[in-house]
Amino acid sequence: MAAPLLLRGVPLQCLRFAARLLVQPSRQFCLAAASESNKPEENVSSAEETTTTLLSVKHPVRYHSLDDPDYRKWRDKEEEILRDIEPITFLAKDIIHSERYMDGERLTVEDEKAVVEKLLAYHPHSEDKIGCGLDSIMVDRHPQFRHSRCLFVVRTDGGWIDFSYQKCLRAYIRDKYPSHAERFIREHFKRGSS
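None of these values were measured; they are calculated from a predicted model.

It is not clear to me how helix H3 (residues 69-97) should be interpreted in this structure. Could you clarify?
In an α-helix, one turn spans 3.6 residues; hence positions three or four apart end up facing the same way. Its 29 residues give H3 an end-to-end C-alpha distance of 39 Å, which sits within 8% of 42 Å, the value for a rise of 1.5 Å per residue. Looking at H3, one finds that the buried residues are Tyr-71, Trp-74, Glu-78, Ile-81, Ile-85, Ile-88, Thr-89, Leu-91, Ala-92, Ile-95 and Ile-96. The secondary structure elements touched by the buried residues of H3 are helix H4 (109-118), strand S4 (134-141), strand S5 (149-155), helix H6 (165-176) and helix H7 (181-188).

This is the structure we're talking about:
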């Protein structure tokens, strides 16, 4: 008995069978579509009906309309939240990703004040982050993810600990916009629930 022909470890006979399954319904659909214009609807064969039924959409996608009041309310609130968080988001990204600060450098008094008041104050574990007291805020490489820079709380005892500005923003949004927060976070943050 001859060994079966294999293509990437799959017997050729199986591949041919799978190809027939994929191609055959589309042929029936084409036949049904071509013959549909020539026949009244009651003459459509059961094979054509099955194919047409399989290809129909049971639940069509509902596109939101600007006229829909719920959709408009959501978009208005979304724009309001974006306007609210945009300045501090821009500042945090600028501090972390630009060359304004070198690794391990303290923030200026102005930037530090903004970060403490508009971000760190809303961190879910801000008291734990500050610990014995806040000396300053700095930007540096994350100890585990060396390609990432992040913000750090420098404590009065000389210790320092990182904090996520995104966690701060999510907590702020949940506090200020409770009825829209989860949807906004799901749509605008990479990791929505943490």
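Before we go on, may I ask you to explain the sheet that holds strand S6 (residues 160-163) in this structure?
Pairing between the strands of a sheet comes from backbone hydrogen bonds, and it takes one of two forms, parallel or antiparallel. As summarised here, the arrangement of the four strands in space is S3-S4-S5-S6, forming an open sheet in which the pairing is antiparallel. Looking at which strands have only one partner, the edges of the open sheet turn out to be strand S3 (105-106) and S6. Summarising the sheet, S3 and S4 pair through two bridges and their orientation is antiparallel. Counted as the bridge partner of Glu-105 is Val-139 from S4. H4 contacts S3, S4, S5 and S6 of the sheet and is inclined by roughly 100 degrees relative to S4.

When you look at the pairing of S5 in this model, what are you seeing that I'm missing?
Regular strands place their side chains on alternate faces of the sheet. Within S5, six of the seven residues are buried, leaving the element largely enclosed by the surrounding structure. Pairing of S4 with S5 involves seven bridges; the strand directions are antiparallel. Looking at the pairing, Arg-141 lines up with Arg-149 of S5. Looking at chain direction, S5 and S6 are connected through four bridges and run antiparallel. Considered in S6, the bridge of Val-153 is made with Ile-161. Connecting the antiparallel pair S5 and S6 is a turn made up of four residues, with Gly-158 showing a positive phi of about 95 degrees.

What am I meant to see in the packing of H6 against H7 here?
If you want to describe how two helices pack, look at the angle between their axes and the distance between the axes. Remark: H6 packs on H7, axes separated minimally by 9 Å, with the N-to-C direction vectors making an angle of 150 degrees. As judged from the angle between their axes, H6 and H7 are roughly antiparallel. Residue-level inspection shows Arg-170, Ile-173 and Arg-174 of H6 in contact with H7, the latter providing Ala-181, Glu-182, Phe-184 and Ile-185. A breakdown of the residues in the contact of H6 with H7 according to their chemical character gives four nonpolar, no polar and three charged.

Honestly, the pattern of salt bridges in this entry has me stumped. Any pointers?
Any two side chains of opposite charge can pair, given that their charged atoms come close. Under the defined criterion, the tally for this structure stands at 11 salt bridges. One salt bridge connects Arg-100 with Asp-94, and the closest N-O pair in it is separated by 2.6 Å. Overall, the relative accessible area of 22% leaves Asp-94 in the partly exposed class. The closest approach of N and O atoms between Arg-141 and Asp-103, which form a salt bridge, is 3.0 Å. Residue Arg-141 is found in strand S4, and its partner Asp-103 is found in the loop between H3 and S3; the two are separated by 38 residues along the sequence. A cluster of three or more residues bridged by salt bridges with shared partners is formed by Arg-72, Asp-76 and Glu-79.

What counts, and at which threshold
Residues numbered from 1 in each chain as written. Predicted model: local features only at pLDDT ≥ 70, side-chain atom pairs only at ≥ 80, totals over all residues. Heavy atoms only, no water. Helix = DSSP H or I, 4+ residues; strand = E, 2+ residues; numbered from the N terminus. Expected span 1.5 Å × (residues − 1). Buried < 20%, exposed > 50% of the residue type's maximum accessible area, 1.4 Å probe, protein only. Contact = heavy atoms within 4.5 Å. Pairing = 2+ DSSP bridges. Axes fitted to C-alpha atoms, helices over the stretch in contact; angles between N-to-C directions. Parallel < 35°, antiparallel > 145°, perpendicular 65-115°, else oblique. Nonpolar A, V, L, I, M, F, W, Y, C, P; charged D, E, K, R; others polar. Salt bridge = Lys/Arg side-chain N within 4 Å of Asp/Glu carboxyl O.

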